[in-house]
Number of protein chains: 2
Amino acid sequence: MAKETKKITYSEIARRSGISIATISRVMNNSSNVKDETRKAVIDAMKELGYDTSALEVLPSKNNNLILFNIPSMDNPFYSPIIQGAKAAALRNGYNMLLNADPIDEPSINDFLSLLKKTDAAGVIATNCMPRSALLKLNNTIPLVQCCECIPSLDIPFVTIDDVTAAKNAVEYLISLGRKRIAFINGPLQYKYAQDRLKGYLAALDEANFERDSSLILQLQEISYDMAVSAAFQLLNTSNRPDAFFTSSDVYAAAVINAGRKSGLSVPQDIAVVGFDNIDLSFMCTPSITTVNQPKFQLGFHSCEMLIKRICNEQLPISSMYLNTELIIRETTQKV
Amino acid sequence: MAKETKKITYSEIARRSGISIATISRVMNNSSNVKDETRKAVIDAMKELGYDTSALEVLPSKNNNLILFNIPSMDNPFYSPIIQGAKAAALRNGYNMLLNADPIDEPSINDFLSLLKKTDAAGVIATNCMPRSALLKLNNTIPLVQCCECIPSLDIPFVTIDDVTAAKNAVEYLISLGRKRIAFINGPLQYKYAQDRLKGYLAALDEANFERDSSLILQLQEISYDMAVSAAFQLLNTSNRPDAFFTSSDVYAAAVINAGRKSGLSVPQDIAVVGFDNIDLSFMCTPSITTVNQPKFQLGFHSCEMLIKRICNEQLPISSMYLNTELIIRETTQKV
């Protein structure tokens, strides 16, 4: 607050500027709920009256309206509609949103914190797979919401899906089609989503009294089309090949279509395929891919709404959300 | 610079702080090449000696190291490797880079300028199709490089490809395969790339003495898979259907494969298809798509290197770059 404020009253500024005392009070309290031109008129009037207005010229950090949305890299088109959803929520609340594509881990967390400080961000939405310590450090620094990938046991809000149930439903659907040997192509196991989809896959097998066969589980180290083509091709050319694939990503599902064709097998007759995510690729492929839809736009939208509530009220109790998935039946699955 | 600087010498500060005169000089000149703790030690010593250090407490804008990369929306996966390239250049030069996904036009340019101010960005890379006036306004405010989409006639540096030649080569290739009726699916004509690819398409037809047939040119209003499927399907079901498609995007090319199948026609036997961009979709499709590769990573990398040079030296003469494209032959094209 300006040094000489006590010497003169709001009513003097009101007379000078023609602006109401309530509004002047909001300006003095650095409320964000004041138009820029009104704020300027108040400050101009104060200057004319000889006030020191330096403390009012720059809004303090809590009135900042920048949200950073963090993704691990630009590789995965899965994030695009999530970002669009978050952006829609940011805009309707008068916030700007910028995107940062970087992994966040122990070595890089301090760089990220310094970026937050430089840009004077008000809050962060993170889709990254972060070590617990980095996540806690971030949460201690700035309002934070975890989106999609998360550690639910921490006291940090999240918006995600129930991966166990989604995967179980997908595999049950393949079993209902009469498929007997169902392979699973999964992403890196440090991700919670990958751990949970593996649980769902195994649970469906167990409930149907199918034997667990570890040779049918292809655990890849990244979401790579080429790796998946190669792994699926090898599996399709063993003596006891699978008749179906459930995959943790539509990119893997597209790879299975290719590996099948290279092996002289047709999809869906010889091999049924269910992907995950419902990214654009899944309907642009020929045949189009049966897949688990994630409500991507809503994941982003609700994460950002939740974050803004936390920015406005840091004492808000932690609340989190699991959004519903659905199986979208397309051309890569049919009954045997 | 501090007011009383002249009264005492760097050697006094050096004695007090134990820091070299060269380093003190860098701090006084607000060089970014000084560790935070060293800067703090110098400032502390100056304070103890009675200096006014206020001008040194915050780095001025020109020492900021934030670059904003702007794309029109999150819809198009084409931008991902470009962003990765720009990010690589930013990192190796000690810059941070954040992504802003927004159209920039007359109504929104002021919001964008205010975002630049808020984040104290040092420079902008823009891939947007902007009105000339908005582009000039932006360029007058901050160091700017146009990437991919650009207005070459303005005095603003750009990194792009030669779309006319790239399109001409692609259509000449289809002609060399014996294709006689070559359709063209193009993006919105307000984009320079779309205007230039149309020029290239027509130039190839003219040189081969093919008749121009406006019914073969499908001018779409956005990069939409569904729109392209519908437009291609209609054209494939006319009495005088095309035997080849050149398309301004791999998304359109994937749509032609689908429309062909819906029409009982096979790719590449009945219809040859050449896409544009070489996005991941083009090799994940079955059949995989013959396409014009844009050097996406390099487009981003060189744009960012060019921007950083301009940030460091605003008097630098404008220089721009056209990068080479190449035709990647895959499964959607064969001789008739």
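Residue numbers run consecutively from 1 along every chain, following the written order of its sequence. By the order in which they are written, chains take letters starting at A while ligands take numbers starting at 1. Local features are withheld for residues below a pLDDT of 70 in this predicted model, meaning they are given only at 70 or higher, and side-chain atom pairs are given and counted only at 80 or more; totals for whole chains, interfaces and linings count all residues. The side-chain values count all of the structure's non-hydrogen atoms but skip hydrogen atoms and water molecules.

Colleague: Go over the overall build of chain A, please, and point to the residues and values.
Modeller: The secondary structure content of chain A amounts to 13 helices and 12 strands. Within these notes, the globule rule equals 2.2 Å times the number of residues to the 0.38 power, and the radius of gyration is based on C-alpha atoms. Taking 2.2 N^0.38 as the reference for a compact globule, 336 residues should give roughly 20 Å; the C-alpha atoms of chain A span a radius of gyration of 26 Å, well beyond that estimate. Dimensions of chain A along its principal axes, counting C-alpha atoms only, are 90 × 35 × 30 Å. In chain A, which comprises 336 residues, the proportion classed as buried is 57%. Two residues qualify as a contact provided that any one of their heavy atoms is within 4.5 Å of a heavy atom in the partner residue. Within chain A, contacts between residues at least 6 apart in sequence are counted, and of these 71% link residues at least 24 apart. A run of H or I in DSSP counts as a helix once it spans at least four residues, and a run of E counts as a strand once it spans at least two, with each numbered from the N terminus. We call a residue buried when its accessible area falls under 20% of the maximum for its residue type, exposed when it is over 50%, and partly exposed in between, using a 1.4 Å probe and counting protein chains only.

Colleague: Go over the nonpolar core with me, naming the residues and quoting the values.
Modeller: To form a nonpolar core, buried Ala, Val, Leu, Ile, Met, Phe, Trp, Tyr and Cys residues must be joined to one another through side-chain atoms within 4.5 Å. The biggest cluster of nonpolar side chains holds 164 residues, and the ones touching the most others in it are Phe245(A) and Phe245(B). For Phe245(B), the residues in contact, after removing those within four places along its chain, are Leu174(B), Ala183(B), Ile185(B), Leu218(B), Ala232(B), Leu235(B), Leu236(B), Val256(B), Ile271(B), Ala272(B), Val273(B) and Val274(B).

Colleague: Go over the pairing of strand β2 (residues 96-101) of chain A with me, naming the residues and quoting the values.
Modeller: Each regular strand displays side chains that alternate between the two surfaces of the sheet. Residue and element names in this part refer to chain A. Across the six residues of β2, five count as buried, placing the element largely inside the fold. By this definition, two strands are paired if DSSP reports at least two bridges between them. Taken together, the six bridges between strand β1 (residues 66-71) and β2 define a ladder with parallel strand orientation. Considered in β2, the bridge of Ile-67 is made with Met-97. When the strands point away from the viewer, a crossover counts as right-handed if the route from the first strand across the helix to the second turns clockwise. For the crossover from β1 across helix α5 (residues 79-92) to β2, the handedness is right-handed.

Colleague: How would you sum up the interface of chain B and chain A? Please name residues and give values.
Modeller: Every contact between the two is made by 32 residues of chain B and, on the other side, 32 residues of chain A. Here chain B and chain A share an interface that buries about 2900 Å² over both sides, 57% of which is from carbon and sulfur atoms. Contact with chain A buries area across many residues of chain B, yet Met74(B), Met284(B) and Thr286(B) alone supply 24% of it, more than any other trio. Salt bridges are counted wherever a side-chain nitrogen of Lys or Arg sits within 4 Å of a carboxyl oxygen of Asp or Glu. Inspection of the chain B/chain A interface yields four salt bridges. Lys87(B) is the salt-bridge partner of Asp102(A), the closest N and O atoms lying 2.9 Å from each other. N or O atoms within 3.5 Å of each other form a polar contact, as long as, within protein, one can give a hydrogen and the other can take it, and as long as residues adjacent in sequence are counted only when both atoms are side-chain atoms. Connecting chain B to chain A are 19 residue pairs in polar contact (both at pLDDT 80 or more). Of all the elements in the fold, those that place two or more residues in the side of chain B that touches chain A are β1 (66-71), α5 (79-92), β2 (96-101), α6 (109-119), α11 (250-262) and α12 (280-284) of chain B. Top contributing element to the side of chain B that touches chain A by residue count: β2(B), with six residues. Of the residues belonging to the side of chain B that touches chain A, the class tally is 18 nonpolar, eight polar and six charged. A quick way to say it: buried area is the sum, across both parts, of accessible area lost when two parts are put together, with a 1.4 Å probe. Here the term charged refers only to Asp, Glu, Lys and Arg, the term nonpolar to Ala, Val, Leu, Ile, Met, Phe, Trp, Tyr, Cys and Pro, and the term polar to all other amino acids, Gly among them.

Colleague: Describe the sheet that holds strand β10 (residues 290-293) of chain A, listing the residues and the values that go with them.
Modeller: Residues and elements named next belong to chain A. Strand order in the open sheet made by the six strands is β7-β6-β8-β9-β10-β12, with mixed pairing throughout. One side of each edge strand has no neighbouring strand; the edge strands of this open sheet are β7 (217-219) and β12 (326-328). Put simply, the sheet's adjacent strands are angled 20 degrees from each other on average, direction ignored. Inspection of the sheet shows strand β9 (residues 272-277) paired to β10 by four bridges, in the parallel sense. Note on β10: the bridge partner recorded for Val-274 is Thr-290. Across the sheet, helix α9 (residues 192-207) lies against β6 (182-186), β7 and β9, angled at about 175 degrees from β6, the strand it touches most. Here, axes are lines fitted to C-alpha atoms. For helices the fit covers the stretch in contact, and angles between N-to-C directions go from 0 to 180 degrees.

Colleague: Explain the relation of the copies chain B and chain A residue by residue, including any values.
Modeller: When the copies are superposed, the least-squares fit draws on C-alpha atoms of residues that have pLDDT of at least 70 in both. Rotating chain B by 180 degrees and moving it 0.1 Å along the rotation axis overlays it on chain A with an RMSD of 0.4 Å. Accordingly, the operation relating the two chain copies is best matched by a two-fold axis. Comparing contact sets, 100% of the residues at the interface of chain B also lie at the interface in chain A, consistent with an isologous, same-surface contact.

Colleague: Now, about helix α2 (residues 21-28) of chain A: what can you tell me, with residues and values included?
Modeller: Every buried residue of α2(A) is accounted for by Thr23(A), Ile24(A), Val27(A) and Met28(A). Within α2(A), the buried residues cover an arc of 145 degrees as seen down the axis, which keeps them to one side. By arc we mean the arc of the directions from the helix axis to the C-beta atoms, nothing more.

Colleague: Please provide a residue-by-residue account of the pattern of salt bridges, values included.
Modeller: Throughout the structure, instances matching the rule amount to 26 salt bridges over all chains. When the shortest N-O distance is used, the salt bridge between Arg212(B) and Asp206(B) registers 2.6 Å. For Asp206(B), a relative accessible area of 35% puts it in the partly exposed group. When salt bridges that share partners are traced, they join Asp163(A), Lys192(A), Asp196(A), Arg197(A) and Lys199(A) into one network.

Colleague: So what about α6(B)? Which residues, and what values?
Modeller: Within α6(B), the full set of buried residues consists of Ile109(B), Phe112(B), Leu113(B), Leu115(B), Leu116(B) and Thr119(B). Here the buried residues of α6(B) occupy an arc of 155 degrees about the axis, which is enough to place them on one side. Counted as exposed and oriented over 90 degrees from the buried face of α6(B): Asp111(B) and Lys117(B). Along its buried surface, α6(B) packs onto β1 and β2 of chain A together with β1, β2, β3 (123-126) and α7 (132-141) of chain B. Just beyond α6(B), the residue with positive phi is Asp120(B), at close to 55 degrees.

Colleague: Explain the state of the cysteines to me, and be specific about the residues and the numbers.
Modeller: In this description, a disulfide is simply a cysteine sulfur pair whose atoms lie within 2.5 Å. Taken as a whole and assessed by the stated rule, the structure comprises zero disulfides over all chains. Between Cys129(A), a cysteine without a disulfide, and Cys150(A), which holds the nearest cysteine sulfur, the sulfur-to-sulfur distance is 10 Å.

Colleague: I'd like a description of the sheet that holds strand β8 (residues 244-247) of chain B, backed by residues and values.
Modeller: All names here are of chain B. An order of β7-β6-β8-β9-β10-β12 is seen for the six strands of this open sheet, with the pairing classed as mixed. The open sheet terminates on both sides in strands that have one partner only, identified here as β7 (217-219) and β12 (326-328). With strand direction ignored, the average angle separating the axes of adjacent strands in the sheet is 20 degrees. Relative to β12, strand β10 (residues 290-293) is paired through three bridges, and the arrangement is antiparallel. What sits directly across from Val-292, in β12, is Leu-327.

Colleague: Could you give me a rundown of the environment of Cys147(A), with the residues and numbers involved?
Modeller: Residues and elements named next belong to chain A. Looking at where Cys-147 falls in the secondary structure, it is placed in strand β4 (residues 144-147). Here Cys-147 falls in the buried class, since its relative accessible area comes to 0%. It is 14 Å that separates the C-alpha atoms of Cys-147 and Ile-67, two residues lying 80 residues apart in sequence. Aside from chain neighbours lying at most four places away, what touches Cys-147 is Ile-82, Ile-125, Ala-126, Thr-127, Val-159, Leu-299 and Ser-303.

Colleague: Can you break down the domain arrangement of chain A residue by residue, with the values?
Modeller: Where interface size is quoted, it is often the accessible area lost as the parts come together. According to the domain assignment, chain A consists of domain 1 (10-56), domain 2 (66-161 + 296-324) and domain 3 (163-294 + 327-333). Where each domain starts and ends comes from a domain assignment, either automatic or drawn from a database. Taking the mean C-alpha position of each, domain 1 of chain A and domain 3 of chain A sit 63 Å from one another.

Colleague: Break down the packing of helix α1 (residues 10-17) of chain B against helix α2 (residues 21-28) of chain B for me, citing the residues and quoting the values.
Modeller: Residue and element names in this part refer to chain B. Running from N to C, α1 and α2 cross one another at 110 degrees; their axes reach a closest spacing of 9 Å. The angle between the axes of α1 and α2 places the two elements in the roughly perpendicular class. The crossing of α1 and α2 is right-handed. Only Ile-21, Ile-24, Ser-25 and Met-28 of α2 make contact with α1, whose side of the interface consists of Tyr-10, Ser-11, Ile-13, Ala-14 and Ser-17. Roughly parallel means an angle under 35 degrees; roughly antiparallel means over 145; roughly perpendicular covers 65 to 115; every other angle is labelled oblique. It is the rotation of the near helix from the far one that decides the hand of a crossing: anticlockwise by less than a right angle makes it left-handed, clockwise makes it right-handed.

Colleague: Can you tell me about the packing of aromatic side chains, naming the residues and giving the values?
Modeller: Here the aromatic set is Phe, Tyr and Trp, taking the six-membered ring for Trp, and pairing holds for ring centres within 6.5 Å; pairs whose planes are under 30 degrees apart are stacked, those over 60 apart are edge-to-face, and all others are tilted. Counted according to the given criterion, the structure contains 16 aromatic pairs over all chains. Ring centres of Tyr191(A) and Tyr193(A) lie 5.3 Å apart, and the angle between their planes is 50 degrees; on these two criteria the pair is classed as tilted. Judged by its relative accessible area of 15%, Tyr193(A) falls in the buried class. Relative to Tyr322(B), the ring of Phe158(B) lies with its centre 5.4 Å away and its plane at 75 degrees, an arrangement referred to as edge-to-face. Of this pair, Phe158(B) sits in strand β5 (residues 158-161) while Tyr322(B) sits in strand β11 (residues 321-323), placing them 164 residues apart in sequence. Residue classification places Phe158(B) among the buried positions, given a relative accessible area of 6%. For Tyr322(B), a relative accessible area of 48% translates into the label partly exposed. Feature note: the residues Phe184(A), Tyr201(A), Phe246(A) and Phe276(A) constitute an aromatic cluster, connected by ring pairs. Throughout this description, the term charge over a ring refers to an Arg CZ or Lys NZ atom that lies within 6 Å of the ring centre and within 35 degrees of the ring normal. Lying over the aromatic face of Phe276(A), Arg197(A) brings its terminal NZ or CZ to 3.6 Å of the ring centre.

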